Amino acid sequence: MNFTKDEKFLTVQDYTVSKEVFTLFYNRAYDLLLTDPVPSIDTLGNYYQSENYISHTDGKRNFFERIYQGVKRIALRKKVDLLFKQNNTVGTLLDIGCGTGDFLVEAKKSGWITTGFEPNDKAHALAKEKGITMVNQLSELKAHSFDVITLWHVLEHVPNLEEQIIELSRLLKPEGKLIVAVPNYKSYDAIYYKEHWAAFDVPRHLWHFSQTAIQRIFSLFDFKVDELHPMLFDSFYVSLLSEQYKTGKRNWGKALFVGLRSNVEARNSMEYSSLIYCLSKTQ
């Protein structure tokens, strides 16, 4: 796949780690945004070295992190429910970018045979301590091994989309289901916060997807989108971070208002802050 940088879209700062500035370019063919420059493989890991990168920890250091962990528990239950709806029964599950493994712990309690992959050493170790079967490389896994593969806010981090999707196709059973959750740069909160929108999260997020982008890219690899689901909590979480980036303060009232309006605006368009795509193979 050749992703051309057709026009400049926005200039965005890395607020989490480096404070460096990156450019987002628009790709017309796929309705996709690209982060530029892309860090090298050798340096990319440096941008994840922060205690504030909450998905790689089980942190409850402050009120914000306690709220995050509490909401996460509710979201985990909904994710496991979605597995059943997609597969109709329990089966084999691979979670790519599983973080500290909490989703797989919840799925395992419900009867799923679980495997996790997480490149971050600290998060990988935490997941393993919770009894999750972990692999160091996806290449270790046999072809057509999984009924369901999940990527919860992972695809936007992957350096090579084509290689990743080919590997997903290899690992998934012919009738298997793929569940992909990504931020949506066409949501109301993204448009409202612009360069301060926390879900741009450059340069950790290399790709910024729209509904069209997911449909067009996956169709090239014989996948189709069967269902679309909102992640309703994300608009509030992202708006809180965005307020911090924009004003230096959390501004809870303003952030909650923007998050709520984002969800209301998306009722007809489905342009929620983050979207879950349920996909299957077409052949």
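Since the model is a prediction, treat every value here as computed from it, not as a measurement. (Residues numbered from 1 in each chain as written. Predicted model: local features only at pLDDT ≥ 70, side-chain atom pairs only at ≥ 80, totals over all residues. Heavy atoms only, no water.)

Undergrad: Provide a residue-level description of the overall build of the protein chain, including the pertinent values.
TA: In terms of helices and strands, the protein chain carries nine helices and 11 strands. Against the compact-globule benchmark of 19 Å for 283 residues, the protein chain has a radius of gyration of 18 Å, which places it among compact chains. Counting only C-alpha atoms and orienting by the principal axes, one finds that the protein chain spans roughly 45 × 45 × 40 Å. Scored against the burial criterion, the 283 residues of the protein chain give a buried share of 53%. For the protein chain, the proportion of contacts with a sequence separation of at least 24, taken over those separated by at least 6, is 71%. Charge centroids of the protein chain, computed over 34 positive and 34 negative side chains, lie 6 Å from each other. (Helix = DSSP H or I, 4+ residues; strand = E, 2+ residues; numbered from the N terminus. Rg over C-alpha atoms; globule rule 2.2 N^0.38 Å. Buried < 20%, exposed > 50% of the residue type's maximum accessible area, 1.4 Å probe, protein only. Contact = heavy atoms within 4.5 Å. Lys, Arg positive; Asp, Glu negative; His and termini not counted. Charge placed at Lys NZ, Arg CZ, Asp CG, Glu CD.)

Undergrad: So what about the sheet that holds strand 8 (residues 172-183)? Which residues, and what values?
TA: With mixed pairing, seven strands are arranged side by side in an open sheet as 6-5-4-7-8-11-10. In this open sheet, the two edge strands, each paired with only one partner strand, are strand 6 (134-135) and strand 10 (223-230). As paired elements, strand 4 (residues 92-96) and strand 7 (residues 146-152) share three bridges and run parallel to each other. Note that in strand 7 the partner of L93 across the bridge is V148. (Pairing = 2+ DSSP bridges.)

Undergrad: Pulling in residues and values, what's your account of the side chain of Q164?
TA: Tracing the chain through its elements places Q164 in helix 5 (residues 161-171). Once residues lying within four places of it in the same chain are set aside, the contact partners of Q164 are I96, L138, L155 and V158.

Undergrad: I'd love a proper account of unusual backbone geometry, names of residues and values included.
TA: Of note, the bond from D36 into P37 is cis; its omega dihedral lies within 30 degrees of zero at -5 degrees. Positioned with a positive phi, D31 is a non-glycine residue whose angle comes to about 60 degrees. Following the sequence through the fold, D31 ends up in the loop between strand 2 (21-27) and strand 3 (32-36). A relative accessible area of 7% places D31 in the buried class. Even without being a glycine, D222 presents a positive backbone phi close to 65 degrees. By the secondary structure assignment, D222 is in the loop between helix 7 (211-219) and strand 10.

Undergrad: Give a detailed account of the pattern of salt bridges, specifying residues and quantitative values.
TA: On inspection of all chains with the given rule, the structure shows 14 salt bridges. We note a salt bridge from D102 to K130, for which the minimum N-O separation is 2.6 Å. Taken together, the positions of D102 in helix 3 (residues 102-109) and K130 in the loop between helix 4 (121-129) and strand 6 put the pair 28 residues apart, joining distant regions of the chain. Among the charged side chains, a network of salt bridges with common partners joins D6, E7 and R28. (Salt bridge = Lys/Arg side-chain N within 4 Å of Asp/Glu carboxyl O.)

Undergrad: Quick rundown of the side chain of T35? Include the residues and the values.
TA: Tracing the backbone shows T35 in strand 3. The exposure class of T35 is buried, given its relative accessible area of 2%. In this structure the side chain of T35 is engaged in a polar contact, spanning 2.7 Å, whose partner is the backbone oxygen of H205. Setting aside its immediate chain neighbours within four residues, T35 contacts F22, T23, L24, V202, P203, H205, L206 and H208. (Polar contact = N/O pair within 3.5 Å; in protein donor to acceptor, adjacent residues only side chain to side chain.)

Undergrad: Before we move on, can you summarise the pairing of strand 11 (residues 274-281) with the specific residues and values?
TA: The two faces of the sheet receive side chains in turn, since in a regular strand these alternate between them. Burial within strand 11 is extensive, with eight of its eight residues counted as buried. On strand 11, burial covers both faces: S274, I276, C278 and S280 on one face and L275, Y277, L279 and K281 on the other are all buried. Sheet analysis places strand 8 next to strand 11, joined by seven bridges and oriented antiparallel. Opposite P183, over in strand 11, you have S274 as the bridge partner. Pairing analysis gives seven bridges linking strand 10 to strand 11, with the strands arranged antiparallel. Pairing of K224 across the sheet is with S280, part of strand 11.

Undergrad: Give me the lowdown on the environment of R77, citing residues and values where you can.
TA: Mapped onto the elements, R77 comes out in helix 2 (residues 63-87). Look at R77 and you get partly exposed, because its relative accessible area is 32%. R77 sits 30 residues away from A107 along the chain, and the two C-alpha atoms are 8.5 Å apart.

Undergrad: If you had to explain the sheet that holds strand 3 to someone new, which residues and values would you point to?
TA: Taken in spatial order, the four strands of this open sheet run 1-2-3-9, and their pairing is antiparallel. Lying at the two open borders of the sheet, with one neighbouring strand each, are strand 1 (7-13) and strand 9 (207-208). Bridge count for strand 3 against strand 9 is two bridges, and the pairing is antiparallel. Of the residues in strand 9, the one forming a bridge with L34 is W207.

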